[in-house]
Amino acid sequence: MTRRKLVAGNWKMNTTRSEATALAGAVAAGVGASPGCDVAVCPPFPWLVPVAEGLKGSAVALGAQDVYSEPKGAFTGEVSPGMLLEAGCRYVIVGHSERRHVLGETDSQINHKVHAAVEAGLHVILCMGETLGERDRGLMERVFQRQVYSALAGLTDEQFGRVVIAYEPVWAIGTGRTATPEQAQEAHAFIRGKLGSLYGEKIASSLPILYGGSVTPDTAAGLFAKPDVDGGLVGGASLKADAFLSIVRTVG
Ligand code: PGA
């Protein structure tokens, strides 16, 4: 089963408006008309529309960093899946570790967000991964089991077609400490195994699993060469067009 690869840039709470449009423009120009993998950038909410304008006609897709689980109503400060689609998004990141650990998002909230997003037609980049404490205590498999089950429970086969997982070990995010290709492969294979036992082999073999956590142009090739690593979710290195493009080219 060949899975389409994806490299997505998670800009987090960075960039001014002009930095965002310039970065998106440089990525679009550098990626060209037919990159060897899918490419997306995920700017902060206020820059989605200007970045969408700049990406028009390019091969680079737009993603948001979060979404709310209701279509509209009295939810001050939240943004609905329909709003993201109308702003030009194809993707949305759900359950990023910073939202889980800094902002207290729960497995149940993440499951509701995944449902709302895929029902609206968005493609979800669902993040999961263990903390250093969980890894040290040998709890990785239990953590993956819980995260895979709780986030994806109740999706139809058709909706699974709009899900991408990003395995992001919390200890590797923004720390400069990348997982080794072997550690990433082991985790991805385990997550894929869990997907198979919970949701069936067809879903497990077709669902892309990205690696995230201090991916750089130097570490990307080793990681992306592993059979169960289907691309990357890139934070810090996605803020520099050259670094991001060289990661994209590693896949292509
Ligand atoms: P990083 O972030 O590449 O800066 O470690 C990855 C992420 O949080 O998605």
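An account of the accompanying structure is given in this report. (Residues numbered from 1 in each chain as written. Predicted model: local features only at pLDDT ≥ 70, side-chain atom pairs only at ≥ 80, totals over all residues. Heavy atoms only, no water.)

Here we come to the overall build of the protein chain. Along its length, the protein chain carries twelve helices and eight strands. Against the 2.2 N^0.38 benchmark of 18 Å for 252 residues, the protein chain shows a C-alpha radius of gyration of 17 Å, consistent with a compact globule. Overall size of the protein chain, expressed as C-alpha extent along the three principal axes, is 45 × 45 × 35 Å. Taking all 252 residues of the protein chain together, 54% fall into the buried category. Sequence separation of 24 or more characterises 72% of the internal contacts of the protein chain that already satisfy a separation of 6 or more. Element-wise, carbon and sulfur atoms account for 53% of the exposed surface of the protein chain, whose accessible area totals about 10900 Å². Of the side chains in the protein chain, 23 bear a positive and 25 a negative charge, and the two mean positions are spaced by 1 Å. (Helix = DSSP H or I, 4+ residues; strand = E, 2+ residues; numbered from the N terminus. Rg over C-alpha atoms; globule rule 2.2 N^0.38 Å. Buried < 20%, exposed > 50% of the residue type's maximum accessible area, 1.4 Å probe, protein only. Contact = heavy atoms within 4.5 Å. Areas by Shrake-Rupley, 256 points an atom, 1.4 Å probe, with all protein chains shown as cover. Lys, Arg positive; Asp, Glu negative; His and termini not counted. Charge placed at Lys NZ, Arg CZ, Asp CG, Glu CD.)

This part covers helix α2 (residues 48–55). Among all positions of α2, only Leu48, Pro50, Val51, Ala52 and Leu55 are buried. Taken together, the buried residues of α2 touch α1 (17–31), β2 (38–42), β3 (60–64) and α3 (81–87).

Before going further, it helps to spend a moment on the packing of helix α7 (residues 140–152) against helix α9 (residues 181–199). Two elements in contact, α7 and α9, have axes separated by 10 Å at closest approach and are oriented at 45 degrees. The angle between α7 and α9 places the two elements in the oblique class. The chirality of how α7 crosses α9 is right-handed. Of α9, the residues touching α7 (which contributes Met140, Glu141, Phe144, Gln145, Val148, Tyr149 and Leu152) are Ala187, Phe190, Ile191, Lys194, Leu195, Leu198 and Tyr199. A breakdown of the residues in the contact of α7 with α9 according to their chemical character gives eleven nonpolar, one polar and two charged. (Axes fitted to C-alpha atoms, helices over the stretch in contact; angles between N-to-C directions. Parallel < 35°, antiparallel > 145°, perpendicular 65-115°, else oblique. Left-handed = near helix turned anticlockwise from the far one by under 90°. Nonpolar A, V, L, I, M, F, W, Y, C, P; charged D, E, K, R; others polar.)

What follows concerns empty space enclosed by the protein. Under the definition given, this model contains one cavity of 30 Å³ or more. When residues of the lining of the largest cavity are traced back to their parent elements, those giving at least two are α4 (97–101) and β5 (123–128). Tallied by class, residues from the lining of the largest cavity come to three nonpolar, three polar and two charged. (1 Å grid on protein atoms, 1.4 Å probe; cavity = no way out; pocket = protein on both sides within 12 Å on 5 of 7 lines; lining within 4 Å. Points joined across faces, edges and corners; volume = space filled by probe spheres on them.)

All right, on to the site of the ligand then. Contacts to the ligand come from 13 residues, most closely from Lys12, His96, Glu168, Gly174 and Ser214. A distance of 2.6 Å is found between an oxygen atom of the ligand and a side-chain nitrogen or oxygen belonging to His96. Measuring from an oxygen atom of the ligand, one finds a backbone N or O atom of Gly174 at 2.7 Å. When the free accessible area of the ligand is taken as 280 Å², the share hidden by the protein chains comes to 95%. Classifying every residue of the shell around the ligand by side-chain character gives four nonpolar, seven polar and two charged. (Near = heavy atom within 4 Å. Polar contact = N/O pair within 3.5 Å; in protein donor to acceptor, adjacent residues only side chain to side chain.)

With that out of the way, let us pick up the packing of α1 against α2. Between α1 and α2, the shortest axis-to-axis distance is 9 Å and the interhelical angle comes to 30 degrees. Considering the angle they form, α1 stands roughly parallel to α2. The two elements α1 and α2 meet at a crossing, and its hand is right-handed. In contact with Arg17, Ala20, Thr21, Ala24 and Ala28 of α1, α2 contributes Pro50, Val51 and Leu55. Of the residues in the contact of α1 with α2, the class split is six nonpolar, one polar and one charged.

Let's shift gears to the environment of Gln65. Mapped onto the fold, Gln65 is located in the loop between β3 and α3. Distance in space between the C-alpha atoms of Gln65 and Val92 is 5.7 Å, their sequence separation being 27 residues. Beyond its immediate sequence surroundings of up to four residues, Gln65 is in contact with Asn10, Trp11, Lys12, Met13, Cys42, Pro43, Pro44, Ile93 and Arg99. A distance of 2.9 Å separates the side chain of Gln65 from the backbone oxygen of Lys12, its partner in a polar contact. Within the structure, Gln65 has its side chain in polar contact with the backbone oxygen of Pro43 (distance 3.4 Å).

What follows covers the nonpolar core. Among the nonpolar cores identified, the biggest contains 71 residues, and Leu152 and Leu195 are the most heavily contacted of them. Ranked by residue count, the leading element in this core is helix α12 (residues 241–251), at seven residues. In this view, Leu195 contacts Val148, Leu152, Ile165, Gly200, Ala204, Leu207 and Ile209; residues no more than four positions away in its chain are not counted. In terms of nonpolar packing, the next biggest core, distinct from the first, is built from 13 residues, Ala61, Tyr91, Cys127 and Ala166 among them. (Core = buried A, V, L, I, M, F, W, Y, C linked by side-chain atoms within 4.5 Å.)

Function-wise, these values are silent; they only describe arrangement.
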